[in-house]
Structure formats: structure tokens, C-alpha cells
Amino acid sequence: MADDPLEDLAQLASDLGPVLRPRGDEEFLQAIVETALLVFDAAACSIALLDDFEEVLEFRVAAGNGAEATVGLKIPADRGIAGWAVVAGQPIAIDDVQQDPRFASDVAASTGYVPRSIMAMPLESERRTFGVIEVLDRRQRGGTGADDMELLALFARQATLAVETSRIFSNLGQALFEAAALIAPGKDVRAALAHRAATAPKAQTEMAELALLLHDLGRLGPEERLVAVRLADDFLTYARKHQR
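Conventions used here
- Residues numbered from 1 in each chain as written.
- Predicted model: local features only at pLDDT ≥ 70, side-chain atom pairs only at ≥ 80, totals over all residues.
- Heavy atoms only, no water.
- Helix = DSSP H or I, 4+ residues; strand = E, 2+ residues; numbered from the N terminus.
- Buried < 20%, exposed > 50% of the residue type's maximum accessible area, 1.4 Å probe, protein only.
- Contact = heavy atoms within 4.5 Å.
- Pairing = 2+ DSSP bridges.
- Polar contact = N/O pair within 3.5 Å; in protein donor to acceptor, adjacent residues only side chain to side chain.

Enquirer: Is there a simple way to think about the environment of Gly72 in this case?
Expert: As for its placement among the helices and strands, Gly72 is situated in the loop between helix 3 (67-70) and strand 3 (74-76). Judged by its relative accessible area of 40%, Gly72 is partly exposed. Between the C-alpha atom of Gly72 and that of Ala62, which follows or precedes it by 10 residues, the distance is 9.7 Å. Residues contacting Gly72, with those up to four places away along its chain left out, are Glu58 and Phe59.

Enquirer: Just to check I follow, could you spell out the pairing of strand 2 (residues 56-64) for this structure?
Expert: The side chains of a regular strand alternate, residue by residue, between the two faces of the sheet. Pairing of strand 1 (residues 44-50) with strand 2, which is carried by seven bridges, proceeds in the antiparallel orientation. Counted as the bridge partner of Leu50 is Leu57 from strand 2. In textbook terms, the turn of a hairpin is the stretch between consecutive antiparallel strands, and for strand 1 and strand 2 this stretch comprises five residues, one of which, Glu54, has a positive phi near 60°. Pairing geometry for strand 2 and strand 3, over three bridges, is antiparallel. Bridge pairing in strand 3 links Val56 to Pro76.

Enquirer: Looking at this model, I keep getting lost on the side chain of Thr160. Mind explaining?
Expert: Tracing the chain through its elements places Thr160 in helix 6 (residues 145-182). Taking the relative accessible area as the measure of exposure, Thr160 reaches 6% and is therefore buried. A polar side-chain atom of Thr160 sits 3.4 Å from the main-chain amide nitrogen of Glu124. Beyond its immediate stretch of four places on either side in the chain, Thr160 contacts Leu123, Glu124, Ser125 and Phe130.

Spelled out as C-alpha cells, the structure:
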């Protein structure tokens, strides 16, 4: 490995190049809400994501009535039907939101569309909650409300997978570049990565620790690296199989 800390970091980033892909979840999430809009024959559908501190929900994509005003809207993470679903970690369906005290009518009014009914499903993995998907004023069909919630859960799982995958790689790349900012004369990359792992916000701690492990792995011989990569690949295969 190079003796220059910045060259050391550059080499690490280069080794991780194939997996440090740019964020591409926005287009996929937009496709999800547009598909859900059609499937449910709804007036609107949106996805809101939590910030790193899990204090704010930001509506990232939307389709249907009020979509343009909805995208970019930020609300406290515990506000409204969406916030309740996130905090409680439970799906919810309300047929008359005007009769529910949890409904944030002012937030709805700011988008130019006030719904009568709302379905909300949290986006969550075994590790954390990422946000929520909402469907407004779905058309009542022959099935039961439970059928609709099961269908919404399918959309939520796809959105969760996209967001989680994107954030894993994004946070890993962020850990590397923040470590670069910490490098001072006489301080190597490993020390910077270790410092970042110890001080990173909760949502980024695991990725900072992973960056540190990958740095140490890069200093091993090619045979040891090959064994480690195979073990990681076997673990990911196992984990993906058991997440289905």
C-alpha cells in the first residue's frame, strides 16, 4: 500500500469502486409510486424518508394529485398518519381521515389536495425504519381492506430494498471521504477511519466500521483477501435468501 495517506485512501476507494455505485433509487422509487397509483386506482401516492437523525420525514417522490407540491415537503417524523406509521412501525388504513386526530390537515392542504382516506405502510428492515409509503383515496374494489394492505406491503418491501441498498453504499463512500478530511500530518488513513467509526452519527456508524475493516483487509495478502471476499459473498447469499 502507498505511504501517502491520500494515496492510501485513493487505493481503498479504487478497490471498492465496483460497489460504490451512484444513488439510483429516486427513479426506482418514482416508478413504485406511479405503479401503486395505477394498481390501487388511487388519487395520489408518495414515499417519505427519514433523515439520518430520524427526526424529519421528507417526501422524496410522489404521483397523482398534489404530487409537485408534495415532493420536498418535510414534516416532523411523528407528524400525521405517515409519522404515526413510522413511529409505531405499523401499517394503518383510515377511511375517513377527518375523523382521526392524527391526520395533519394543514400539511395535506399545503399540497393542494386533501384526501378522504389514507393507507400508510412503514418502510422497514430488520435493522431500522427508513420511511413510509402512503396511498390516498384508493378506489374501493371487491377485495377486503386486508388484501389492499398486503398489496401495499409488497410495494413497501421493494422500496425498502432500494433505499437500504442505496444508503449502504452511499454511507460507505461518505465514510471514506470524511476520513480523508480528518487526515492530518502524521495521521494515517486507519487512524482517521477509526476516529470516524467512533464519532459517526448512529445511522453511519456501521458503514464507518465497515470502511475500517475493508482498509485492514486491503493490507493483507491476495490469498487472505480472496478468502475474505468469498466469506462475505457466502454471507450475503445466505442473508438475501432468508430475507425473502
